[in-house]
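What follows is the residue order along each chain.
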Amino acid sequence: MVIKVKNLVKRYGDLIALDHLSLEVKEGEIFGLLGPNGSGKTTAINCILSLLKYDKGTIEVYGRQMSPDAYDIKRRIGIIMQNVAVFDELTVYENIDYFCGLYVRDKKRRKQLVDEAIEFVGIKDFVKFYPKKLSGGLLRRLNIACGIAHKPDLIILDEPTVAVDPQSRNNILEGIKRLNSEGATILYTSHYMEEVEEICTRIAIMDKGKIIASGTKEELKGMINSGERLTVELFKTDSSIIDGVLNLPNIVSAEFDGNLLIVRSIKGKNNLLKLLDYLKSRDIDVGKVYSEPPTLNDVFLEITGKELRD
Amino acid sequence: MVLRNYFYRLKCIVRDRHSMFWTLMFPLLLATMFHMAFLNLSNGLNFSQIKIAIVDIDEYRNNTGFVSAIEAVSNTDENQKSDALFNLKYTTLEEARKLLDDDKIEGYIICDSEIKLTVKETGINETIIKSFLDYYLQTSSTIGTIAGVNPEAVNKGLIETLSDKADYLKEIAYGKSEPDSTVVFFYSLIAMTCFYGSFWGLKEVTALQADLSYEGARLSVAPVHKMKMFISSFLAAFTVELIEVFLLISYLKFILNVSFGGELLYILLACITGTFTGVTYGTFIASVVKGGEGIKIGILIGTSMTMSFLAGLMYEKMTYS
Ligand SMILES: Nc1ncnc2c1ncn2[C@@H]1O[C@H](COP(=O)(O)OP(=O)(O)OP(=O)(O)O)[C@@H](O)[C@H]1O
Ligand SMILES: [Mg+2]
């Protein structure tokens, strides 16, 4: 077990930021911590890293109690924080070299590592730039390079893709998968369910300082009652159609969005076929048809009664 | 790693243009401005001799006591002194009147049975002439009185004692040399610059502390000894500020020619202590005060201004006694 958090409680005055939070991250996985803004993801990470004092609970990293001077554990960790943490007065190269130097003393080895990190995030053309001159996406990549240059075994990323253009985002997500395939264990937090769904092997969903569900994405989706989401393009919209659809088995909701009929179902067989049969029986012409499996948003919605995104 | 951190922090500090301006350029600019202001000021303070005329009549010539008294403090055509109080012309009465009318002189003196001063307006120069005459009259009448009562005293050096005009005159003449008080401004300026080391102290602690900056958070999760990092960062700040102070002193001494007397070594020692204190103060404010960097910088500027003021940067007569 790489990280083992048990019954972690963290209060800010009256606010309970972490409410008996427990989670386990296993060697070699990409563990996703998914939760809306303010759910306590950053607080949890900071506690795990001993940047914050907590009120209750235990935190073990690599089987040992984590503490501010647990240097041999710290040496194996790389962090990429939510906010870009680089020195404005140092160039791209100097920043990576400075932070890498906190872990690796040997000059030759360090130079090699820094060059690899630069290559890895693809900012070779910008090594002489100062951070202020970099675009948002490049700055994020520099931020990542500073966190991973020393080749850590455990990489903790706290929303590394916030406010990043799609190209850099893909670059970052690909990079994370690559680091994982090279052997690093990843703890990844985000409030973008698509990202978490795309790269994480195991996911914990957080809300208000608690883990409300965890497992692989299939397991999570299996936990809930929601089935697929059906979308059908119609050429005439008529409220009697809604009433008719709602009478079909397994259907939870039906509504129009323009000329699209959007139907949510619970788990069951042939939901789409039954819907199409009904429409055909009423002689309603049908255009495009989609069926989407439930998303993590549906999981969140069903458990908390609210949308994941605000 | 301590050494690496030291050199990287040096880079970070020196490349921080904004703070470099305040800690280096600003004091240099202030020094230059002070220097120029004092140049004008000391020109203004320069004591210009008061032009007077004496009506050249026999009664005056016979009053040898008065002649020697006034010639001792005056420039005449035959006798030029650098620290003279008056610029003296001998004229006839008509000439004297005309000179006064044309504002060529401040006043003229007629010395017959008594000494009379004629002036056109009242001002500082007129007052000085009158004070001199009063002083002379008072002294001579004292001598007369004492000599009447106790003639022996005259032989015992009474006149030398009482006619101690030299002192009286010297004091006024001091105004001519550069006012000593200006150096107080420069001392306070140096002190202020030492104190500005607090900006670097603040910067270094901010860069190190996890709750003050994101870079600090990154450093805090690294397997490094916090105290060692702090010491090397502190030394980087100290180095830069000390060099800045020395640059300022060199500028004052060699470019502006401010004379610090023979105390330079002590000044340098005081600067080392002062810079250390300044940087430490910055680290103190950075760690103790809750709030953003803006508030902390505000506190640093506020306190250093107050202290510079108390030290005499704004008002050189500020003394502690
Ligand atoms: N220093 C602090 N003092 C008081 N409250 C805090 C502090 N830091 C965080 N909080 C509160 O704790 C809760 C959890 O915050 P946290 O930053 O961990 O959320 P998050 O999941 O990381 O959110 P985001 O997606 O916005 O980063 C929030 O309600 C936040 O307002
Ligand atoms: Mg966060």
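The paragraphs below set out a description of the structure included in this document. Here the structure is a predicted model, which is why all the values come from computation and not from measurement. (Residues numbered from 1 in each chain as written. Chains lettered and ligands numbered in written order. Predicted model: local features only at pLDDT ≥ 70, side-chain atom pairs only at ≥ 80, totals over all residues. Heavy atoms only, no water.)

### Notes on the overall build of chain B
The condition that has to hold: Helix numbers and strand numbers start at the N terminus; a helix is a DSSP run of H or I with at least 4 residues, a strand a run of E with at least 2. The buried label goes to any residue with under 20% of its type's maximum accessible area, the exposed label to any with over 50%, and the partly exposed label to all in between, with areas taken from a 1.4 Å probe on protein chains only. The contact rule is simple, with two residues in contact once any of their heavy atoms fall within 4.5 Å. Note on areas: Shrake-Rupley with a 1.4 Å probe; residue coverage comes only from the protein chains shown.
Secondary structure summary: chain B contains 15 helices and 5 strands in total. When burial is assessed residue by residue, chain B has 43% of its 321 residues classed as buried. Across chain B, contacts joining residues at least 24 apart in sequence account for 68% of those joining residues at least 6 apart. Roughly 17200 Å² of accessible area belongs to chain B as shown, and the carbon and sulfur atoms make up 62% of that amount.

### Comments concerning helix α1 (residues 41-48) of chain A
Because an α-helix completes one turn every 3.6 residues, residues spaced three or four positions apart along the sequence face the same direction. Residue and element names in this part refer to chain A. Of all 8 residues in α1, 7 are buried; the element is thus mostly enclosed. Taken as a whole, α1 has its buried residues at K41, T43, A44, I45, N46, C47 and I48. Directly beyond the C-terminal end of α1, a positive phi value near 65° is found at S50.

### Examining the packing of aromatic side chains
Residue and element names in this part refer to chain A. Put simply, the rule is: Geometry of aromatic contacts follows a simple scheme: Phe, Tyr and Trp rings, the Trp one being its six-membered ring, pair when their centres are within 6.5 Å, and the pair is stacked under 30 degrees between planes, edge-to-face over 60, tilted otherwise. When the NZ atom of lysine or the CZ atom of arginine is within 6 Å of a ring's centre and also within 35 degrees of its normal, the charge is said to sit over that ring.
This structure, assessed with the given rule, holds 20 aromatic pairs over all chains. Directly above the aromatic system of Y62 lies the positively charged group of R76, at a separation of 3.6 Å from the ring centroid. The ring of Y192 has R169 lying over it, and the distance from NZ or CZ to the ring centre is 4.4 Å.

### Some thoughts on the side chain of T91(B)
In this fold, T91(B) is placed in strand β3 (residues 86-91). Dropping the residues within four chain positions of it, T91(B) is found in contact with A53(B), I54(B), V55(B), D56(B), A96(B) and L99(B).

### Considerations on the site of ligand 1
All names here are of chain A. Quick note on the threshold: Any residue with at least one heavy atom within 4 Å of a molecule or strand is counted as near it. Any N or O atom pair separated by 3.5 Å or less is treated as a polar contact, with the protein-specific requirement of one donor-capable and one acceptor-capable atom, and with residues adjacent in sequence counted only for side-chain atom pairs. For this classification, the nonpolar set comprises Ala, Val, Leu, Ile, Met, Phe, Trp, Tyr, Cys and Pro, the charged set comprises Asp, Glu, Lys and Arg, and every other residue, Gly included, is treated as polar.
Not every one of the 13 residues close to ligand 1 is listed here, only the nearest: G38, T42, T43, Q82 and E159. N37 is positioned such that a nitrogen or oxygen atom in its side chain is 2.9 Å from an oxygen atom of ligand 1. The protein chains hide 61% of the 640 Å² of surface that ligand 1 would expose on its own. Looking at the shell around ligand 1, the elements with two or more residues in it are β2 (15-25) and α1. Ranked by residues supplied to the shell around ligand 1, first place goes to α1 with 3 residues. Residue composition of the shell around ligand 1, by class: 4 nonpolar, 7 polar and 2 charged.

### Concerning the sheet that holds strand β3 (residues 30-34) of chain A
Backbone hydrogen bonds hold the strands of a sheet together, and the pairing may be parallel or antiparallel. All names here are of chain A. Note the threshold: At least two bridges found by DSSP between two strands are what make those strands a pair. A fitted line through C-alpha atoms serves as each axis, taken over the contacting stretch for helices, and the angle formed by two N-to-C directions is quoted from 0 to 180°.
The strand order β6-β7-β8-β3-β9-β10 describes an open sheet built from 6 strands, whose pairing is mixed. Since the sheet does not close on itself, it has two edges, and those belong to β6 (77-80) and β10 (210-215), each with one partner. Along the sheet, successive strands turn relative to each other by an average axial angle of 15°, direction set aside. Across 5 bridges, the pairing between strand β9 (residues 202-207) and β10 is antiparallel.

### Focus: the sheet that holds β2(A)
Residues and elements named next belong to chain A. Here we have 4 strands laid out as an open sheet, ordered β2-β1-β4-β5, and antiparallel in their pairing. In this open sheet, the two edge strands, each paired with only one partner strand, are β2 and β5 (64-65). Looking at chain direction, strand β4 (residues 56-61) and β5 are connected through 2 bridges and run antiparallel. If you follow V61 over to β5, its bridge partner there is R64. The sheet strands contacting α1 are β1 (3-12), β2 and β4, and the helix crosses β1 at an angle near 115°.

### Comments concerning the nonpolar core
The test is simple: Only buried Ala, Val, Leu, Ile, Met, Phe, Trp, Tyr and Cys residues count toward a nonpolar core, and they belong to the same one when joined by side-chain atoms within 4.5 Å.
I3(A), V61(A), I77(A), I96(A), I176(A), I186(A) and Y188(A) are the most contacted members of the largest nonpolar core, which totals 90 residues. Those residues in contact with I96(A) that lie beyond four places of it in its chain are V114(A), A117(A), I118(A), I123(A), L142(A), A145(A), C146(A) and A149(A). Judged by nonpolar contacts, the second largest core, of 33 residues, contains F34(B), M192(B), F260(B) and I285(B).

### Quick look at the coordination of the magnesium ion (ligand 2)
All names here are of chain A. Rules: Water is absent from the atoms considered, so a metal site may look incomplete; donors are defined as N, O and S atoms within 2.8 Å of the metal, or 3.2 Å for Na, K and Ca.
At 1.8 to 2.3 Å from the magnesium ion (ligand 2) lie its protein donor atoms, namely T42 (OG1) and Q82 (OE1). Note that T42 is positioned in helix α1 and Q82 in the loop between β6 and α3 (92-101), a separation of 40 residues in sequence. The class for T42 is partly exposed, based on a relative accessible area of 26%.

### Section: the packing of helix α13 (residues 226-255) of chain B against helix α14 (residues 264-288) of chain B
A pair of packed helices is captured by two measures, namely the crossing angle of their axes and the spacing between those axes. All names here are of chain B. Put simply, the test is: An angle below 35 degrees is read as roughly parallel, one above 145 as roughly antiparallel, one from 65 to 115 as roughly perpendicular, and any other as oblique. Handedness of a crossing follows from how the near helix is turned relative to the far one, being left-handed for an anticlockwise turn of less than a right angle and right-handed for a clockwise one.
In contact at an axis separation of 9 Å, α13 and α14 are set at 140° when each is read in the N-to-C sense. Looking at the two axes, α13 sits oblique to α14. Between α13 and α14 lies a crossing whose hand is right-handed. Only L264, I267, L268, C271, I272, T275, F276, V279, T280 and T283 of α14 make contact with α13, whose side of the interface consists of F230, F234, A237, F238, E241, L242, V245, F246, I249 and K253. Taken together, the residues that form the contact of α13 with α14 break down as 15 nonpolar, 3 polar and 2 charged.

### What about a nonpolar patch on the surface?
This is how the line gets drawn: Patch membership is restricted to residues that have no salt bridge and whose relative accessible area is over 30%. Joining uses 9 Å for like charges and 5 Å for the nonpolar side chains Val, Leu, Ile, Met, Phe, Trp and Tyr. Salt bridges, as used here, are contacts in which a Lys or Arg side-chain nitrogen is within 4 Å of a carboxyl oxygen on Asp or Glu.
A contiguous nonpolar patch, built from F21(B), W22(B), M25(B) and L29(B) and spanning about 350 Å² of accessible area, is present on the exposed surface. Tracing the backbone shows L29(B) in helix α2 (residues 17-45).

### Brief notes about the pattern of salt bridges
For the coordinates displayed, the defined rule picks out 27 salt bridges over all chains. The salt bridge partner of K124(A) is E119(A), with a shortest N-O separation of 3.4 Å. Residue D102(B) is joined to K98(B) by a salt bridge in which the shortest nitrogen-to-oxygen separation is 3.0 Å. Judged by relative accessible area, D102(B) falls into the partly exposed class, the value being 38%. It is possible to trace a salt-bridge network through shared partners that takes in E89(A), D16(B) and K203(B).

### Brief notes about α3(A)
By the criterion of burial, α3(A) is predominantly enclosed, with 9 of the 10 residues buried. On its buried face, α3(A) sits against α4 (107-121) and α5 (136-148) of chain A together with α1 (2-14), α12 (214-220) and α13 of chain B.

### Some words on the packing of helix α10 (residues 182-195) of chain B against helix α15 (residues 293-311) of chain B
Residues and elements named next belong to chain B. Relative to each other, α10 and α15 sit at 155°, their axes nearing to 9 Å. One element, α10, and the other, α15, form an angle in the roughly antiparallel class. Between α10 and α15 the crossing geometry is right-handed. Where α10 approaches α15, its residues V184, S188, M192 and F195 are matched on the opposing element by T303, S304, M305, M307, S308 and A311. Class assignment of the residues belonging to the contact of α10 with α15 gives a composition of 6 nonpolar, 4 polar and no charged.

### Some points on the interface of chain A and chain B
As a reminder, the rule being used: When two parts are brought into contact, each loses some accessible area as probed by a 1.4 Å sphere; the total of that loss over both is the buried area.
Counting residues at the interface gives 27 residues for chain A and 25 residues for chain B. Taking both sides of the interface into account, the surface hidden between chain A and chain B amounts to around 2500 Å²; carbon and sulfur atoms contribute 59%. Ranking the residues of chain A by area buried against chain B places E89(A), Y98(A) and L102(A) at the top, with a combined share of 26%. For the pair chain A and chain B, the number of links is 4 salt bridges. The interface formed by chain A and chain B contains 15 residue pairs in polar contact (both at pLDDT 80 or more).

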